[in-house]
Amino acid sequence: MTPGNIKGALLALLSMGLYSTHDVIIKLLGGTYPALQVLFFSALLSFPPIAVLLLRDRTHGTLRPHNPFWVGLRSACIVISGVCGFYAFSTLPLAQVYSILFAAPMIVTVLSVPLLGEKVGIHRWLAVALGLCGVLIVLRPGGGDALTFGHLAALMAAFCSATAAVVTRKLGGSERPLVLLMWPMLGNLMLTGASLTIAYTPMQLPHLAMSGMIAV
């Protein structure tokens, strides 16, 4: 394994640790506030740290994407994944949501063939098939508990996050990292901001601070 691969693996591990923390906060806040409201404030409070990154970025260029279609597709997938994920965490037990979201790496493997042209061996296909069977066991279609919108939302979040990951890989280094950060955030802010006209519950200051932790 090259140093670059080790660094990437460690960053991915750190990312998953942070996401796990923010998922618990989403579950906590989701019991009191609408999921889209929590997502709105977390997106809104993301702008100050992004502004710091923007000021420190010495890369020349604008925030206009070089590949508008792929950046637009990735941004839409991230927005949909965030909305569906927040809703799923608000309505389902954490263990159930994670069991469904673990389908995302398998979906990445499937999508890497048509979108990236990668070769997938028989062993990986077998692993994907077994993993998807595990997701079906969790969902238990036809079992005693009926599927809810929360289960479908978690499944949609897994698919969209997998698509976003593959598109990120396809874009490689052709886009500034800030471009890849800003466009999904703007999409989140506009969509969830519009939702506040439908459902809004005033947030207590400690809960607003927890939304800031999600933003971090």
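Residues numbered from 1 in each chain as written. Predicted model: local features only at pLDDT ≥ 70, side-chain atom pairs only at ≥ 80, totals over all residues. Heavy atoms only, no water.

Draft legend 1. Representation of the overall build of the chain in the model. Each helix and strand in the chain was counted, giving ten helices and zero strands. For the chain, whose C-alpha radius of gyration is 18 Å, the value lies close to the compact-globule estimate of 17 Å for 216 residues. Counting only C-alpha atoms and orienting by the principal axes, one finds that the chain spans roughly 50 × 50 × 30 Å. With 216 residues in all, the chain has 37% of them scored as buried. When contacts within the chain are restricted to residue pairs at least 6 apart in sequence, long-range pairs at least 24 apart make up 89% of them. Carbon and sulfur atoms make up 72% of the accessible area of the chain, which totals about 12700 Å². Averaging the positions of the 12 positive and the 5 negative side-chain charges in the chain gives two centres separated by 6 Å. (Helix = DSSP H or I, 4+ residues; strand = E, 2+ residues; numbered from the N terminus. Rg over C-alpha atoms; globule rule 2.2 N^0.38 Å. Buried < 20%, exposed > 50% of the residue type's maximum accessible area, 1.4 Å probe, protein only. Contact = heavy atoms within 4.5 Å. Areas by Shrake-Rupley, 256 points an atom, 1.4 Å probe, with all protein chains shown as cover. Lys, Arg positive; Asp, Glu negative; His and termini not counted. Charge placed at Lys NZ, Arg CZ, Asp CG, Glu CD.)

Draft legend 2. Inspection of the nonpolar core at higher detail. Among the nonpolar cores identified, the biggest contains 36 residues, and Leu29, Val38, Phe86, Val97, Ile107 and Ile214 are the most heavily contacted of them. Contributing elements (two or more residues each) for this core: helix H1 (3–30), helix H2 (35–44), helix H4 (68–91), helix H5 (94–101), helix H6 (104–116), helix H7 (122–139), helix H8 (149–171) and helix H10 (205–215). One finds Val71, Val167, Leu171 and Leu180 within the second-largest nonpolar core, a separate group that totals five residues. (Core = buried A, V, L, I, M, F, W, Y, C linked by side-chain atoms within 4.5 Å.)

Draft legend 3. A look at H5. Buried residues of H5: Val97, Tyr98 and Ile100, and no others. Relative to the axis of H5, the buried residues are bounded by an arc of 160° and lie together on one face. Residues of H5 that are buried sit in contact with H1, H4, H7 and H8. (Arc of directions from axis to C-beta.)

Draft legend 4. Highlighting the environment of Val120. Of note, Val120 is situated in the loop between H6 and H7. Among the residues examined, Val120 registers a relative accessible area of 17% and is labelled buried. For the pair Val120 and Thr109, spaced eleven residues apart in the sequence, the C-alpha separation amounts to 7.6 Å. Beyond its immediate sequence surroundings of up to four residues, Val120 is in contact with Thr109, Ser112, Val113 and Trp125.

Draft legend 5. A look at a nonpolar patch on the surface. Judged by side-chain polarity, Val110, Val113, Ile122, Trp125 and Leu126 come together as a nonpolar surface patch covering roughly 420 Å² of accessible area. Among the elements of the structure, H6 and H7 are those that each provide at least two residues to the nonpolar patch. Ranked by residue count, the leading element in the nonpolar patch is H7, at three residues. On the secondary structure map, Trp125 appears in helix H7. (Patch = residues over 30% accessible without salt bridge, like charges linked within 9 Å, V, L, I, M, F, W, Y side chains within 5 Å. Salt bridge = Lys/Arg side-chain N within 4 Å of Asp/Glu carboxyl O.)

Draft legend 6. Summary view of the environment of Tyr98. Of note, Tyr98 is situated in helix H5. When its relative accessible area of 19% is taken as the criterion, Tyr98 is described as buried. Separated by 89 residues in the primary sequence, Tyr98 and Ala9 have C-alpha atoms spaced 20 Å apart. For Tyr98, the residues in contact, after removing those within four places along its chain, are Tyr19, Ser20, Asp23 and Phe89.

Draft legend 7. Inspection of the side chain of Ser42 at higher detail. For Ser42, the location among the structural elements is in helix H2. Those residues in contact with Ser42 that lie beyond four places of it in its chain are Phe86, Ser211, Ile214 and Ala215.

Draft legend 8. Looking closely at the packing of aromatic side chains. With the rule as written, the count across this model stands at four aromatic pairs. Consider the rings of Phe69 and Trp70, whose centres lie 5.1 Å apart with planes at 75°: the pair is edge-to-face. Ring geometry for Tyr98 against Phe102: centres 6.1 Å apart, planes inclined by 35°, an arrangement best described as tilted. Linked through ring pairs, Phe89, Tyr98 and Phe102 together constitute an aromatic cluster. (Phe/Tyr/Trp six-rings, centres within 6.5 Å; stacked < 30°, edge-to-face > 60°.)

Draft legend 9. Summary view of the packing of H2 against H10. In contact at an axis separation of 8 Å, H2 and H10 are set at 65° when each is read in the N-to-C sense. Judged by the inter-axis angle, H2 sits roughly perpendicular to H10. For the pair H2 and H10, the sense of crossing is right-handed. Contacts from Val38, Phe41 and Ser42 in H2 reach Leu208, Ser211, Ile214 and Ala215 in H10. Of the residues that constitute the contact of H2 with H10, the class distribution is five nonpolar, two polar and no charged. (Axes fitted to C-alpha atoms, helices over the stretch in contact; angles between N-to-C directions. Parallel < 35°, antiparallel > 145°, perpendicular 65-115°, else oblique. Left-handed = near helix turned anticlockwise from the far one by under 90°. Nonpolar A, V, L, I, M, F, W, Y, C, P; charged D, E, K, R; others polar.)

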